[in-house]
Amino acid sequence: MQPTLKHFINGRWETGVTLGVSENPSDLSEVVAEFARADAAQAETAIRAAADARDSWADSAPQRRFDVLDTIGSEILARRDELGRLLAREEGKTLPEAVAEATRAGQIFKFFAGEALRQTGERVPSVRPGVEVDITREPVGVVGLIAPWNFPLAIPAWKIAPALAHGNTVVFKPAELVPACAHALAEIISRAGLPAGAFNLVMGSGRSVGQTLVDHPLVDAISFTGSTSVGEGILKAATARRAKVQLEMGGKNPLVVLDDADLGRALDCAVQGAFYSTGQRCTASSRIIVTAGLHGRFVQALRERTQALVVDHALKRGSEIGPVASEAQLAQNLSYVELGRREGAEWLTGGERLQRDTRGHYMSPALFLAEPQHRLAREEIFGPVACVIRAADYDEALALANDTPYGLCAGICTASLKHATHFKRHAQAGMVMVNLPTAGVDYHVPFGGRKASSHGPREQGRHAAEFYTTVKTAYTHAS
Ligand code: NAD
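Residues numbered from 1 in each chain as written. Predicted model: local features only at pLDDT ≥ 70, side-chain atom pairs only at ≥ 80, totals over all residues. Heavy atoms only, no water.

**Q** Teacher, can you tell me more about the packing of helix α1 (residues 40-58) against helix α7 (residues 206-215) here?
**A** Two quantities define a packed helix pair, namely the angle between the axes and the distance from one axis to the other. In contact at an axis separation of 8 Å, α1 and α7 are set at 40 degrees when each is read in the N-to-C sense. Taken together, α1 and α7 sit at an angle that is classed as oblique. Judged by the sense of rotation from one axis to the other, the crossing of α1 with α7 is right-handed. Between α1 and α7, the residues in contact are Ala-40, Ala-43, Glu-44 and Ile-47 and Ser-208, Val-209, Thr-212 and Leu-213, respectively. Its residues assigned to classes, the contact of α1 with α7 shows 5 nonpolar, 2 polar and 1 charged. (Axes fitted to C-alpha atoms, helices over the stretch in contact; angles between N-to-C directions. Helix = DSSP H or I, 4+ residues; strand = E, 2+ residues; numbered from the N terminus. Parallel < 35°, antiparallel > 145°, perpendicular 65-115°, else oblique. Left-handed = near helix turned anticlockwise from the far one by under 90°. Contact = heavy atoms within 4.5 Å. Nonpolar A, V, L, I, M, F, W, Y, C, P; charged D, E, K, R; others polar.)

Quick look at the structure:
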């Protein structure tokens, strides 16, 4: 048994108040980590440490920030295979997907190392003679970062890296399913040359550690990724005390397939977007909207492709779909499969618990033909469960795509420049994909959605500065 993973608070590794365990969803006989869990008081200690370090890190030179972030990025990239393996064991995505995520985390730190150097401002003439105006960006202060379990390296990276690059200090609370990934990242960060207190890791429940971050007056900003229901509670509590809030939440992303689409490409987009990473992506395509002329052929081929997917241990060579991350998530997925049947959606394949050589949370990817009003077609499931909805033509497909409370990502497969262009303009989503899966984004451009999917400024790329900085306008009279 490995040593219990500790919190990182004020530059020291600290034991917790209680213990938690993370297990391998591919093989429940394997404990991945035993980890410290904090209570509200310990979370408060971390917040105070971040507040004490605030001025020193805010005043640090861009070169120092670059060096710290570049060092972190280099180590992650050098250890991507090992980190990917840990990720696959703890979260359950397949090893190639997990190594790609570790690589992404390293690239994100490298990108934001560069952003630390690319700080800019504006100098503009005043409307008054003899006066100059400088517009600059300053750090927000202490930021609380609350992450979900489904991208346990990349999402923390795309919050921690811009926070530090822009001179903020951090208290990071990971999801309880993935402490070993969070700890591995924190361990790398702990050796990169930050002042004590500039980065803190506190593991524990959302209700105590997360809520303490949200409510604490010393936390100036909260960046949260997770479910819409938790996000809405955070929004209320944080805005009531006027903290800055950024929320990335659920999705029910449409992939529109038009009659003129390349069938092979459209099938790749649908299978990849709906089922890879076990459907546990906020950008997963869970509504596949197909126009009448291609519907029959597409549905038959998609069913065959879905049935052929290899579901197995995340580390096994040839696995295409790993297990569901937890028993609770598996139970939720299966309950939606049951609901789909009850409400009259036509079952095409999958949606069953599977046995493999090791005891794990395995299920076969599920596909339904659904009506737009079915709950199966409206609510985020967050698993390998997708439905196909029939549309008469492009106009109806677009209307169906937009008929959702969510607005994270929307995709279209078509050979028509006219429809692709119209869709890019009229899809009510923060991100649009043409002839690409809805899941799978770049790290140097903005990420985020609309409606119930997101709130506040975008994450990632240069746009991250909008959340992690505050603007100052300074007037000078040169007398
Ligand atoms: P979740 O909302 O249950 O938990 C997310 C995080 O919030 C966890 O760290 C949790 O401990 C914490 N938390 C829970 N209650 C809290 C509270 N009261 N105060 C503060 N923190 C609290 O979500 P999850 O199950 O970990 O992740 C799945 C969800 O995340 C899905 O809805 C998915 O769509 C969403 N997600 C969104 C994006 C995006 O960028 N839009 C990306 C990945 C995942």
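**Q** Just to check I follow, could you spell out the pattern of salt bridges for this structure?
**A** Where charged atoms from two side chains of opposite charge come close, those side chains can pair. Using the criterion set out here, one finds 23 salt bridges in the structure. Put simply, Arg-123 and Asp-134 hold a salt bridge, and the shortest N to O gap is 2.8 Å. Here Asp-134 lies in strand β6 (residues 131-139) and Arg-123 lies in strand β5 (residues 122-125), a separation of 11 residues in the sequence. Residue Arg-123 is classed as exposed on the basis of its relative accessible area, which comes to 56%. A salt bridge links Lys-472 to Glu-138, with the shortest nitrogen-to-oxygen separation between them at 2.9 Å. Residue Lys-472 is found in strand β24 (residues 469-477), and its partner Glu-138 is found in strand β6; the two are separated by 334 residues along the sequence. A relative accessible area of 31% means that Glu-138 is categorised as partly exposed. (Salt bridge = Lys/Arg side-chain N within 4 Å of Asp/Glu carboxyl O. Buried < 20%, exposed > 50% of the residue type's maximum accessible area, 1.4 Å probe, protein only.)

**Q** Help me out: how do you make sense of the site of the ligand in this one?
**A** Near the ligand, the surroundings consist of 26 residues, among which Ala-147, Gln-211, Ser-227, Met-249 and Glu-380 are the closest. At a separation of 2.6 Å, an oxygen atom of the ligand approaches a polar side-chain atom of Ser-227. Relative to its unbound accessible area of 850 Å², the ligand is 86% covered by the protein chains. Elements represented by at least two residues in the shell around the ligand include exactly α7, β10 (221-225) and α8 (228-240). (Near = heavy atom within 4 Å. Polar contact = N/O pair within 3.5 Å; in protein donor to acceptor, adjacent residues only side chain to side chain. Areas by Shrake-Rupley, 256 points an atom, 1.4 Å probe, with all protein chains shown as cover.)

**Q** Just to check I follow, could you spell out the environment of Ser-229 for this structure?
**A** The residue Ser-229 is located in helix α8 in this model. Between the C-alpha atoms of Ser-229 and Met-249, which are 20 residues apart in sequence, the distance is 8.6 Å.

**Q** Is there a simple way to explain the nonpolar core in this structure?
**A** Within soluble globular proteins, side chains that are nonpolar generally end up buried alongside one another. Ile-72, Phe-109, Ile-160, Phe-172 and Phe-199 are the most contacted members of the largest nonpolar core, which totals 65 residues. Each of two domains, domain 1 (7-249 + 453-477) and domain 2 (254-434), supplies a minimum of three residues to this core. Discounting chain neighbours no more than four positions away, the residues touching Phe-172 are Leu-145, Ala-147, Pro-156, Ile-160, Ala-182, Phe-199, Asn-200, Leu-201 and Val-202. With 30 residues, the next largest nonpolar core counts Ile-289, Val-385, Phe-423 and Ala-427 among its residues. (Core = buried A, V, L, I, M, F, W, Y, C linked by side-chain atoms within 4.5 Å. Domains from an automatic or database assignment.)

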